[in-house]
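Report on the structure
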Amino acid sequence: MSPPATPVDDQGLALHHVGVRFGGLVALDDVSLRVPPGRVVGVIGPNGAGKTTLFNVVCGFVRPTEGSLTLDGRPFRPRPHDLTRLGIARTLQGVGLFAGLTVLENVVAGASHTARAGFAAALFGLPRSDRDESRLRARALNLLAELGIDKHADAAPGTLPYAVRKRVALARALIARPRLLLLDEPAGGLGADDVAELADLVRALPDRADGCAVLLVEHHMDLVMSVCHDLVVLDFGKVIAAGAPESIRDDPRVTEAYLGADVPVEGSTP
Amino acid sequence: MTTTPTETAPATASPLRRLLPGAPAGRDPRGSTLLRHLAVAVFAGTLVVLVTNQLAPYQNLQVARVCAFLCVTAGHTVLVGLNGQLSLGHGALMATGAYTVALTQQALDERAVRGWWTLPASLLAGVAVTALGGLVVGLAAARLRGPYLAGVTLAVATLVPAVTTIFTGVFNGEQGLSFPAQTPPAALGAYFQPERWLAWIALAAALLTMLLLANLVRSRFGRSLVVVRDDEVAARLAGIPVARTQVLAFVVSAACAGLGGGVYAMLTATVAPGKFPLDLSLFLLMAIVIGGLGSLAGAVWGAVLLVALQDLPGLLTEHLSLSAGLAQRLEGNLALAVFGLVLIVVMLAAPGGLQGGVRALTARLRGAVRRRPATRRSPDR
């Protein structure tokens, strides 16, 4: 494949003909998609369609066997611990919080790359290190307040309801001030009320002060339909439909993938 | 957006901050970390110095040993408790520091280099060499998990004493090395108790270790340690390099063990492989577990326990007037048996170790005083 053209409007993340094979198993096959700034892009599909593999490719946990990624038109080889520096943050399926830290410390941990003080400053407890801490704590507290969970700042995550923990995970991703936020099943395990609140939250993300584009993997169709500007439907690792939510809803291929006679087998991706 | 932090500091302080004696609970860290920890160190130091003035020589030597062990347990508990890397090799790291100090002291003495600075210089050399050793072990450790990591560190624990018996030309085999003992400076008077001076030196080393570790634990590096322990995938996504953090933890922990080992060697002015058997590494681990894993205050409990339980068999055989054979057998095994028993009892009574028990108790008392229920803690601490 020739290197992707880089037109002026090639801002944001793009996948070009990405394929992933685990041995004989094709997890992703010729997947192309774009997440332009300020857009909420949803990836849907039945279980085992390759949604999580797609995320793992973007995060660098899985190397594509074919195709390439670009970020703002430049070739992009993601490595997990460099993502925050590049302005990409991700929430995990489930919660993935650090059980040994308080809620506030969990959120602060998401902005570790912005700390200016080095190891020596930390070892000797120099003011530089203290300033880092108070700056990040203040920012984390602001974010918790914005998400309405600041009263839990000093609690251990294990003691909190699932919905609150999910918000803490979101705050931890947002404190890095990402320009691209990857949400991996944010509605998983949430009740109807919480999903509605989450929808409002996600819709507002591009318009926040440090607004960001969103790439969303989700099962919850109502949420996806209500928050996404663009949708990509995966089935057996292939893009079977892409476009605006309204057009996707009426697409017979999508209906078939989800409901049709040919119900896909679960668990074809890890 | 403005925030309105609640006025009262909630009783569930940060688990990290709860490690540190004297650190305020509450959201906004007030004042300088260094000054706060320095104040605690000066207070504790003054207290111990006052105590040593009242003690007999042997008791002062015990204080000195506690301080030497504290350097080791404090670094060990940060590695095992906060970073989740199990090391069974800290006795060997102590030996590395001890031998480096002995060799440096001998070399300086042979060249007739004298002065107050020779001890700090050799201790620094001990720290540096052990940190280097920690770097090597840490690089391997960062690729290993669980039982495999334990296996490698166990190999280190058995290897280092063996090295000293192989290269007898340098390390003088089982005999070990001896070097000039530390004597109190003339300024303290001719009749100053030498053991008290040793206790003071050991105390200075322990306080420095605790101060620096407390600073570190309180900083973003301390947070990174816990982050890496709790969830490696989430850690990487949060921009925290897992392997580098693990290696760093090992280096810091090894440096502390090196300092402790060096001070330990200084107390008797000798070093021999028999002082750093595999048992020692196991004792160190048991001590920090009993004290409370991941807690610097727990490391103090552990260090006290190490000395107390090591001296117990001798005390017992002395007072019970046992037959020589039985006494000898007891001397060898009683410490391990008692240590094991204490470990079981403490784990049953206070799963968070002694410091965890103290914490739970103070939380309950505080809760009773404030007439509100004691706060729940996260289960793993």
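This structure is a prediction, so every number in the text was calculated from the model and none was measured. (Residues numbered from 1 in each chain as written. Chains lettered and ligands numbered in written order. Predicted model: local features only at pLDDT ≥ 70, side-chain atom pairs only at ≥ 80, totals over all residues.)

1. Side note on the overall build of chain A
Heads up, the rule is: The secondary structure listing takes helices from DSSP runs of H or I that are at least 4 residues long and strands from runs of E that are at least 2 residues long, numbered from the N terminus. When we talk radius of gyration, it's over C-alpha atoms, and the globule rule is simply 2.2 Å times the number of residues to the 0.38. Buried means a residue has 20 or more other C-beta atoms within 10 Å of its own C-beta, exposed means 12 or fewer, and partly exposed covers the counts in between; C-beta atoms are placed from the backbone. Working definition of a contact: two residues with C-beta atoms, positioned from the backbone, lying within 7 Å.
Each helix and strand in chain A was counted, giving 9 helices and 10 strands. In terms of overall size, chain A behaves like a compact globule, its C-alpha atoms giving a radius of gyration of 19 Å where 270 residues would be expected to give roughly 18 Å. A buried classification covers 48% of the 270 residues belonging to chain A. By sequence separation, contacts in chain A at least 24 residues apart represent 68% of the contacts at least 6 residues apart.

2. A short note on the overall build of chain B
Scanning chain B from N- to C-terminus turns up 15 helices and 2 strands. When burial is assessed residue by residue, chain B has 49% of its 381 residues classed as buried. Of the contacts formed within chain B by residues at least 6 apart in sequence, a portion of 77% connects residues at least 24 apart.

3. Quick look at the sheet that holds strand 8 (residues 213-217) of chain A
Residues and elements named next belong to chain A. To keep things clear, this is the line we draw: Note: two strands are recorded as paired if DSSP finds a minimum of 2 bridges between them. Only the stretch in contact is used when a helix axis is fitted, and all axes are lines through C-alpha atoms; the angle between N-to-C directions ranges over 0 to 180 degrees.
As summarised here, the arrangement of the 6 strands in space is 6-7-8-3-9-10, forming an open sheet in which the pairing is mixed. If you trace the sheet from one side to the other, it starts and ends with strand 6 (88-91) and strand 10 (238-243), each paired once. Averaged over all pairs of adjacent strands, the angle between their axes in this sheet comes to 15 degrees, without regard to strand direction. Across the sheet, helix 5 (residues 162-174) touches strand 6 and strand 7 (180-184), and the angle it forms with strand 6 is around 170 degrees.

4. A closer look at the domain arrangement of chain A
Much of the literature gives interface size as the accessible area that the parts lose upon coming together. Our working rule: Where each domain starts and ends follows an automatic or database-derived domain assignment.
Assigned domains within chain A: domain 1 (1-87 + 178-270) and domain 2 (98-171). For domain 1 of chain A and domain 2 of chain A, the distance between their C-alpha centres works out to 28 Å.

5. With respect to the confidence of the model for chain B
Close inspection of predicted coordinates is inappropriate for parts of the model with low pLDDT. All names here are of chain B. Quick note on the threshold: Values of pLDDT, ranging from 0 to 100, describe the predictor's confidence in every residue of the model.
Confidence in the prediction for chain B averages 85 pLDDT; 89% of positions are at 70 or higher. The model gives residues 1-15 a pLDDT under 50, and that stretch makes 30 contacts with residues more than four places away or in other chains. pLDDT under 50 marks residues 17-28. Its contacts with residues more than four places away, or in other chains, come to 30 contacts. If you check the scores for this complex, the pTM reads 0.86 and the ipTM reads 0.85.

6. Considerations on the interface of chain A and chain B
Note the cut-off: Three classes are used, and their members are as follows: Ala, Val, Leu, Ile, Met, Phe, Trp, Tyr, Cys and Pro are nonpolar, Asp, Glu, Lys and Arg are charged, and the others, Gly among them, are polar.
Contacts between chain A and chain B engage 47 residues on the former and 43 residues on the latter. For the side of chain A that touches chain B, the secondary structure elements donating two or more residues are helix 2 (103-109), helix 3 (119-123) and helix 4 (127-146) of chain A. Looking at the side of chain A that touches chain B element by element, the count peaks at 11 residues for helix 4 of chain A. Considered class by class, the residues forming the side of chain A that touches chain B number 22 nonpolar, 14 polar and 11 charged.

7. Some words on helix 5 of chain A
Residue and element names in this part refer to chain A. Heads up, the condition is: An expected span of 1.5 Å times one less than the residue number is assigned to each helix.
The first and last C-alpha atoms of helix 5 sit 18 Å apart over 13 residues, in line with the 18 Å expected at 1.5 Å per residue. Across the 13 residues that make up helix 5, a large majority, 11, are buried. Listed as buried for helix 5 are Val-164, Arg-165, Lys-166, Arg-167, Val-168, Ala-169, Leu-170, Ala-171, Arg-172, Ala-173 and Leu-174.

8. A short note on the pairing of strand 7 of chain A
Residues and elements named next belong to chain A. Rules: Every crossover in which the path from the first strand over the helix to the second runs clockwise, viewed with the strands pointing away from the viewer, is termed right-handed.
Judged by how many residues are buried, strand 7 sits mostly within the fold: 5 of 5 residues are covered. Judged from the 4 bridges that link them, strand 6 and strand 7 form a sheet pairing that is parallel. Paired with Ile-88 across the bridge in strand 7 is Leu-180. Looking at chain direction, strand 7 and strand 8 are connected through 5 bridges and run parallel. Residue pairing in the sheet places Leu-181 in a bridge with Val-214 of strand 8. For the crossover from strand 7 across helix 6 (residues 192-204) to strand 8, the handedness is right-handed.

9. Notes on the nonpolar core
Here is the rule: Defined on buried residues, the nonpolar core groups Ala, Val, Leu, Ile, Met, Phe, Trp, Tyr and Cys residues joined through C-beta atoms within 7 Å.
Val-214 and Leu-216 of chain A together with Cys-67 and Ala-202 of chain B are the most contacted members of the largest nonpolar core, which totals 187 residues. Three or more residues apiece are contributed to this core by two domains, here domain 1 (1-87 + 178-270) and domain 2 (98-171) of chain A.

10. Details of the sheet that holds strand 2 (residues 25-35) of chain A
Residues and elements named next belong to chain A. Strand order across the open sheet formed by 4 strands is 2-1-4-5, with antiparallel pairing between neighbours. A strand with exactly one partner marks an edge of an open sheet, and here the two such strands are strand 2 and strand 5 (74-75). Where strand 4 (residues 66-71) lies against strand 5, 2 bridges are found, and the strand directions are antiparallel. By the bridge assignment for strand 5, Leu-71 is matched with Arg-74. Most of the contacts of helix 1 (residues 51-59) go to strand 2, to which it runs at about 65 degrees, and overall it touches strand 1 (13-22) and strand 2.

11. Some remarks on the packing of helix 5 (residues 118-141) of chain B against helix 6 (residues 146-166) of chain B
The angle between the axes and the distance between the axes are what describe a pair of packed helices. Residues and elements named next belong to chain B. Here is the rule: Our angle categories are set so that under 35 degrees counts as roughly parallel, over 145 as roughly antiparallel, 65 to 115 as roughly perpendicular, and the remainder as oblique. Helix crossings get a hand from a simple test, with the near helix turned counterclockwise from the far one by less than a right angle marking a left-handed crossing and a clockwise turn marking a right-handed one.
Between helix 5 and helix 6, the least distance of the axes is 10 Å, while the angle of their chain directions is 155 degrees. When the axis of helix 5 is compared with that of helix 6, the two are roughly antiparallel. In this structure, helix 5 crosses over helix 6, and the sense of that crossing is right-handed. Contacts from Val-137, Ala-140 and Ala-141 of helix 5 reach helix 6 at Leu-149, Val-152, Thr-153 and Val-156. For the contact of helix 5 with helix 6, a count of residues per class yields 6 nonpolar, 1 polar and no charged.

12. Let's talk about the environment of His-220 of chain A
Among the secondary structure elements, His-220 of chain A is positioned in the loop between strand 8 and helix 7 (221-227). Through-space distance from the C-alpha of His-220 of chain A to that of Val-108 of chain A is 29 Å; in sequence the pair is 112 residues apart.

13. Concerning the confidence of the model for chain A
All names here are of chain A. The share of residues in chain A with pLDDT of 70 or more is 92%, and the mean pLDDT across the chain is 86. Counted against residues more than four places away or in other chains, residues 1-8, with its pLDDT under 50, gives 6 contacts. Within the model, the stretch residues 261-270 combines pLDDT values under 50 with 20 contacts to residues more than four positions away or in other chains.

14. Focus on unusual backbone geometry
Residue and element names in this part refer to chain A. One non-glycine residue, His-17, lies in positive phi territory at about 50 degrees. By secondary structure assignment, the location of His-17 is in strand 1. Despite not being glycine, Phe-236 has its phi angle at roughly 50 degrees, a positive value. For Phe-236, the location among the structural elements is in the loop between strand 9 (230-235) and strand 10. The class of Phe-236 is partly exposed, set by 19 C-beta atoms lying within 10 Å.

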